[in-house]
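# Examination of the molecular architecture
What follows is each chain in one-letter form.
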Amino acid sequence: MRTSSKPAHLFRRHLVTPARTQPRASNAGSNRSHRTVHDAMQATGPQVCDDMTVEVALAVMAGARSGHLLVSDEHGQCTGLVTRARLTAIRDSPAYTDRARLRDILCGRGPFTSPLTAVAEAERAMRRRSLDLLPVVDEEGSAVGVLDLAR
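The following paragraphs examine the structure supplied in this document. (Residues numbered from 1 in each chain as written. Predicted model: local features only at pLDDT ≥ 70, side-chain atom pairs only at ≥ 80, totals over all residues. Heavy atoms only, no water.)

### Points about the overall build of the protein chain
- When its secondary structure is counted, the protein chain shows six helices and five strands.
- From first element to last, N terminus to C terminus, the protein chain shows the α and β order α-α-β-α-β-β-α-α-α-β-β.
- Partitioning the contacts of the protein chain with sequence separation of at least 6, the portion at a separation of at least 24 is 55%. (Helix = DSSP H or I, 4+ residues; strand = E, 2+ residues; numbered from the N terminus. Contact = heavy atoms within 4.5 Å.)

### Topic: the side chain of Thr79
- Take Thr79: it is sitting in strand E3 (residues 78-83).
- Once you skip the residues sitting within four places of it in the chain, Thr79 turns out to touch Asp50, Val71, Ser72, Asp73, Leu106, Gly108, Arg109, Gly110 and Phe112.

### Here we look at the sheet that holds strand E2 (residues 68-72)
- In space, the three strands of this open sheet follow the order E1-E2-E3, with mixed pairing throughout. This sheet does not close on itself; its edge strands, each paired only once, are strand E1 (47-49) and E3. Strand after strand, the sheet turns through a mean of 35° between neighbouring axes, direction not considered.
- As defined by bridge partners, E2 adjoins E3 across five bridges and the pair is classed as antiparallel. Counted as the bridge partner of Leu69 is Val82 from E3.
- This element, helix H3 (residues 54-64), spans E1, E2 and E3 of the sheet and lies at about 130° to E2. (Pairing = 2+ DSSP bridges. Axes fitted to C-alpha atoms, helices over the stretch in contact; angles between N-to-C directions.)

### Some details on the layout of surface pockets
- Taken as a whole, the largest pocket spans an internal volume of roughly 260 Å³.
- In terms of lining, the largest pocket is formed by 17 residues, of which the most central are Leu81, Thr83, Arg86, Leu131 and Leu133.
- Those elements that provide at least two residues to the lining of the largest pocket are E3 and strand E4 (133-137).
- Broken down by element, the lining of the largest pocket gets its largest block of residues, five residues, from E3.
- In terms of residue class, the lining of the largest pocket is built from nine nonpolar, six polar and two charged. (1 Å grid on protein atoms, 1.4 Å probe; cavity = no way out; pocket = protein on both sides within 12 Å on 5 of 7 lines; lining within 4 Å. Points joined across faces, edges and corners; volume = space filled by probe spheres on them. Nonpolar A, V, L, I, M, F, W, Y, C, P; charged D, E, K, R; others polar.)

Dropping the structure here:
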């Protein structure tokens with residue numbers, strides 16, 4: 001007999017089952033057109049501010065063993081993505097100066113996609129623009145992941 005003043009329902013144990021966060025492998029291919037970018041995206045990886053120089057960005061990329069960096073402005077809004085190949089080409093160009101910042105080499109904002117976009121739609125847009133990687137941003141413009149066309 002319980003001597004506590006707590007109601008009986010607070011003593012019951014509840015079975016908690018883990019939620020499935022990834023689709024089953026058997027229906028992943030057949031349901032591809034109904035999957036969202038959220039289901040297929042990777043973690044964001046390294047994120048840097050757009051006032052970083054190209055040289056420092058290359059060093060960060062090497063230290064993180066990553067082929068890309070997500071770039072954000074001073075307010076945390078994602079402004080784009082840069083790859084090692086692009087930064088290396090810029091650094092090796094005759095017009096390069098050691099003062100070049102990431103904001104100087106990004107052409108405006110984007111492109112981006114939403115986690116709610118259908119994977120098939122995002123992949124079509126990536127192919128049209130010849131993109132291998134696409135930043136995924138939330139409704140506030142913060143990076144939440146990266147969609148990789150190769151995966």
